[in-house]
Amino acid sequence: MDILGAIEHRVRLYSALAAGTAAHAGTQLYRAVNGQQHPLQWPAGQEWSVSMMKTLFTVGSYNHWRNFIKLGMVSYPVPELEITRVPSSTFSTPGFRNSWWVSLKPAKQPQNPKASLVLMYLHGGAFMAGHPLMYKPAYRLWLQQLAAQGIHMRILAVGYPLAPEHPFPAALHAVAEVYSWLVGQLGGSEHLILGERATSVECCCRRDKTT
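Now for a look at the structure at hand. Remember, predicted model here, so these are calculated numbers, not experimental data.

Another aspect to go through is helix α1 (residues 3–34). Given a rise of 1.5 Å per residue, 32 residues ought to cover 46 Å, and the 47 Å separating the end C-alpha atoms of α1 matches this to within 8%. Buried residues of α1: Gly5, His9, Leu13, Ala16, Leu17, Gly20, His24 and Arg31, and no others. Phi turns positive one or two residues past the end of α1, at glycine 35, with a value near 65°.

What follows is the structure, given as structure tokens:
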């Protein structure tokens, strides 16, 4: 890309981000006037981040997308959550990033749960961007809703390898490894739920069982 082309691309990118921000502000004003909230109770900042992420994916590059997610979404504070790192070295597939156990802090958990579950969650990002902790407000909502029903759940947010540095099928192999590791940790799969990229997980695990 020549200098003029680079300038034109940057102008298009910044214009799209400005337009998205203006649209977001209009939505927030409309909700405030009508006493409404986001359907998933997302804070305004988190909703803006998702909107900008979509814009960057459409107009920018995957590196723009990655950097924005890291700066604008992962850093968002959610004090109700207890987050514990699972080092990338836990798994052998090349390209693994850190994974994370996420749960409500003990004081927020049901005292005598009627069930305990684990959600193995694969974040969005087309397997080339995203971060395991980019959905912390959503994690909080899911955990709180289940806790209100007397169900204790932990989330394992998986840091699978990203393309293009680690092209297909690296992520699928990594996910199959995490699934097997979790089944071993839990002593079975009856309390294990697969989320977001669950179809990929299921296909990958079935592949491993037949080879």
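Attention now moves to helix α4 (residues 136–148). The end-to-end C-alpha separation of α4 is 18 Å, in line with the 18 Å expected for 13 residues at 1.5 Å each. Those residues of α4 that fall on the buried side of the exposure criterion are Lys136, Pro137, Ala138, Tyr139, Arg140, Leu141, Leu143, Leu146 and Ala147.

Time to look at the packing of aromatic side chains. Pairs of aromatic rings are described using the distance from one ring centre to the other and the angle between the two planes. Tallying each qualifying case throughout the model produces seven aromatic pairs. Pairing phenylalanine 91 with tryptophan 181 gives two aromatic rings, centres 5.2 Å apart and planes at 85°, and the pair type is edge-to-face. Of this pair, phenylalanine 91 sits in the loop between β1 (81–86) and β2 (99–104) while tryptophan 181 sits in helix α5 (residues 170–186), and the two are 90 residues apart along the sequence. Judged by relative accessible area, phenylalanine 91 falls into the buried class, the value being 7%. In this structure tryptophan 181 comes out as partly exposed when scored by relative accessible area, which is 23%.

Taken together, five strands build an open sheet; the order of strands is β1-β2-β4-β3-β5 and the sheet is mixed. Only two strands of the sheet have a single neighbouring strand rather than two, namely β1 and β5 (192–195). The sheet shows a mean angle of 25° between the axes of neighbouring strands, taken without regard to direction. In this structure, β1 lies alongside β2, joined through six bridges in antiparallel fashion. Looking at the pairing, leucine 81 lines up with leucine 104 of β2. Running at roughly 160° to strand β4 (residues 151–158), α4 makes contact with β1, β2, β3 (115–122) and β4 of the sheet. Contacting β1, β2, β3, β4 and β5, α5 runs over the sheet at an angle of about 165° to β3.

So, on to the nonpolar core. Ile69, Leu81, Val102, Met134, Tyr139, Leu143 and Ile155 are the most contacted members of the largest nonpolar core, which has 27 residues in total. Counting residues per element, the ones that place at least two in this core are α2 (44–59), α3 (62–74), β2, β3, α4 and β4. Ranked by residue count, the leading element in this core is α4, at five residues. Contacts of leucine 81, omitting those with residues within four sequence positions, involve Val102, Ser103, Leu104, Lys105, Lys136, Tyr139, Arg140 and Leu143. The next biggest cluster of nonpolar side chains, apart from the first, holds 18 residues, and it includes Phe91, Ala174, Val175 and Tyr179.

Glancing now at unusual backbone geometry. For the peptide bond that leads from alanine 163 to proline 164, omega is 5°, which places it in the cis range. In this model, phenylalanine 168 is joined to proline 169 through a cis peptide bond whose omega is 10°. On the secondary structure map, proline 169 appears in the loop between β4 and α5.

Right, let's talk about the side chain of histidine 152 for a bit. Relative to the helices and strands, histidine 152 resides in strand β4. Not counting residues within four places of it along the chain, the set of residues in contact with histidine 152 comprises Gln109, Pro110, Pro113, Ala115, Ser116 and Leu117.

A few words now on empty space enclosed by the protein. Empty space among the atoms becomes apparent when a probe as large as a water molecule is rolled across them. Considering all chains together, one arrives at one cavity of 30 Å³ or more under this definition. Roughly 30 Å³ of internal volume is contained in the largest cavity. If you go around the largest cavity, the residues you meet are Leu104, Gln109, Pro110, Leu143, Ala147, Ile151, His152 and Met153. Listing elements by their share of the lining of the largest cavity, those giving two or more residues are α4 and β4.

Close approach of charged atoms allows side chains of opposite charge to pair. Applying the stated rule across the entire model yields two salt bridges. The salt bridge involving arginine 31 is made with glutamate 47; its shortest N-O contact spans 2.6 Å. In this pair, arginine 31 is assigned in helix α1 and glutamate 47 in helix α2, connecting sequence segments 16 residues apart. A relative accessible area of 13% places glutamate 47 in the buried class. Two residues, glutamate 80 and arginine 140, come together in a salt bridge whose shortest N-O distance is 3.2 Å. Taken together, the residues span a long stretch of sequence, with glutamate 80 in the loop between α3 and β1 and arginine 140 in helix α4 at a distance of 60 residues.

Definitions and cut-offs
- Residues numbered from 1 in each chain as written.
- Predicted model: local features only at pLDDT ≥ 70, side-chain atom pairs only at ≥ 80, totals over all residues.
- Heavy atoms only, no water.
- Helix = DSSP H or I, 4+ residues; strand = E, 2+ residues; numbered from the N terminus.
- Expected span 1.5 Å × (residues − 1).
- Buried < 20%, exposed > 50% of the residue type's maximum accessible area, 1.4 Å probe, protein only.
- Phe/Tyr/Trp six-rings, centres within 6.5 Å; stacked < 30°, edge-to-face > 60°.
- Pairing = 2+ DSSP bridges.
- Axes fitted to C-alpha atoms, helices over the stretch in contact; angles between N-to-C directions.
- Contact = heavy atoms within 4.5 Å.
- Core = buried A, V, L, I, M, F, W, Y, C linked by side-chain atoms within 4.5 Å.
- 1 Å grid on protein atoms, 1.4 Å probe; cavity = no way out; pocket = protein on both sides within 12 Å on 5 of 7 lines; lining within 4 Å.
- Points joined across faces, edges and corners; volume = space filled by probe spheres on them.
- Salt bridge = Lys/Arg side-chain N within 4 Å of Asp/Glu carboxyl O.

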